[in-house]
Every structure is written in C-alpha cells, then in structure tokens.
Amino acid sequence: MAKYTHMIDGVVVDYTAEEETLRDAEIQAWNDASASRKLVEIKEIRLQKLKETDWYSNSDVTMPNNIKTFRQNLRDIPANHVDEEAYDLLLVRNVDGNLTHSIWSKP
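What counts, and at which threshold
- Residues numbered from 1 in each chain as written.
- Predicted model: local features only at pLDDT ≥ 70, side-chain atom pairs only at ≥ 80, totals over all residues.
- Heavy atoms only, no water.
- Helix = DSSP H or I, 4+ residues; strand = E, 2+ residues; numbered from the N terminus.
- Rg over C-alpha atoms; globule rule 2.2 N^0.38 Å.
- Buried < 20%, exposed > 50% of the residue type's maximum accessible area, 1.4 Å probe, protein only.
- Contact = heavy atoms within 4.5 Å.
- Salt bridge = Lys/Arg side-chain N within 4 Å of Asp/Glu carboxyl O.
- Expected span 1.5 Å × (residues − 1).
- Arc of directions from axis to C-beta.

A closer look at the overall build of the protein chain
Of regular secondary structure, the protein chain possesses five helices and two strands. When the helices and strands of the protein chain are read in sequence order from the N terminus, they spell out β-β-α-α-α-α-α. On C-alpha atoms alone, the protein chain measures out to a radius of gyration of 22 Å, which is more than a quarter above the 13 Å that the 2.2 N^0.38 rule sets for 107 residues. C-alpha extents for the protein chain along the principal axes are approximately 70 × 25 × 25 Å. For the protein chain, the proportion of its 107 residues judged to be buried stands at 24%.

Written as structure tokens, this is what we have:
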C-alpha cells in the first residue's frame, strides 16, 4: 500500500514510488523551513510593536528610557533568539490569542 494517494478522474490512485519520493522531499523541505517561517512571523510582530512606539521618536517628544529599552529589546530579538525553540517561546499565545512572552509587553 502506498503512503500517499491522489484523485484522478474520481478514482483514488496510489502514488508511484517516484511520486512518493517527490512528495517526501516536499514535506521535508516544508519542515526544514519551519524556523524561517517562524522568524518571518516574529519579525512582522516586532515591526508592528516598533511602529506602535514610533511616535516617541518625534522631535518634540522625549522618549522615556523604558521605551528606549523596549525598542532595543525588540530590535535585538534576531540576535538573542537564534533557534526554533526560542522562536516557539516567542510565539506562544494564551487562550485569547495574545502573545505571552514578556518581550512583547510594552512598558
């Protein structure tokens, strides 16, 4: 029995050995890129958080030190969180869908 099947003209057909090999390679490539996809998501969240505090950098506003630190911590995420396990921790959400890692909490 084949690992995979597909539908051809309404009939379920087993993958050939060649098709299985190609599908396995596609799945492996997707799994191998997991960390990259997570980092992209983290960078998007980080950019949003930075944009939320950009107004502090206006010339007529003095940026508080806690906001400077918060923004620096956000910019340092890629350097300080370098593997998929760290990415997973950054992306944890509670039942309401809110990020739970303290780095995302604006002071």
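Here we look at the side chain of Lys 49
Here Lys 49 is to be found in helix 2 (residues 34–52). Leaving out residues up to four positions away in the same chain, Lys 49 has contacts with Phe 70, Leu 74 and Trp 104.

Digging into the pattern of salt bridges
Across all of its chains, the model carries five salt bridges by this definition. We note a salt bridge from Glu 26 to Arg 23, for which the minimum N-O separation is 3.0 Å. Here Glu 26 and its partner Arg 23 are both found in helix 1 (residues 17–32), three residues apart, which amounts to about one turn of the helix. We classify Glu 26 as partly exposed; its relative accessible area is 47%. Residue Arg 23 is classed as partly exposed on the basis of its relative accessible area of 31%. With a shortest N-O distance of 2.8 Å, Lys 38 and Glu 84 are connected by a salt bridge. Of this pair, Lys 38 sits in helix 2 while Glu 84 is found in helix 5 (residues 84–90), placing the two residues 46 residues apart along the sequence. Each of Lys 38, Glu 84 and Asp 88 takes part in salt bridges that share partners, so that together they form one network.

Comments concerning helix 2
Between its terminal C-alpha atoms helix 2 stretches 28 Å, which fits the 27 Å expected from 19 residues at 1.5 Å a residue. Within the span of helix 2, buried status applies to Ser 34, Lys 38, Leu 39, Ile 42, Ile 45, Arg 46, Lys 49 and Leu 50. All buried residues of helix 2 project into a common sector of 140° when viewed along the axis, lining one side. Pointing more than 90 degrees away from the buried face of helix 2 are the exposed residues Glu 44 and Lys 51. Those residues of helix 2 that are buried are in contact with helix 1, helix 3 (65–75), helix 4 (77–80) and helix 5.

Topic: unusual backbone geometry
In this model, Asp 9 sits at a positive phi of 50°, which is unusual for a non-glycine residue. For Asp 9, the position within the fold is in the loop between strand 1 (5–8) and strand 2 (11–14).

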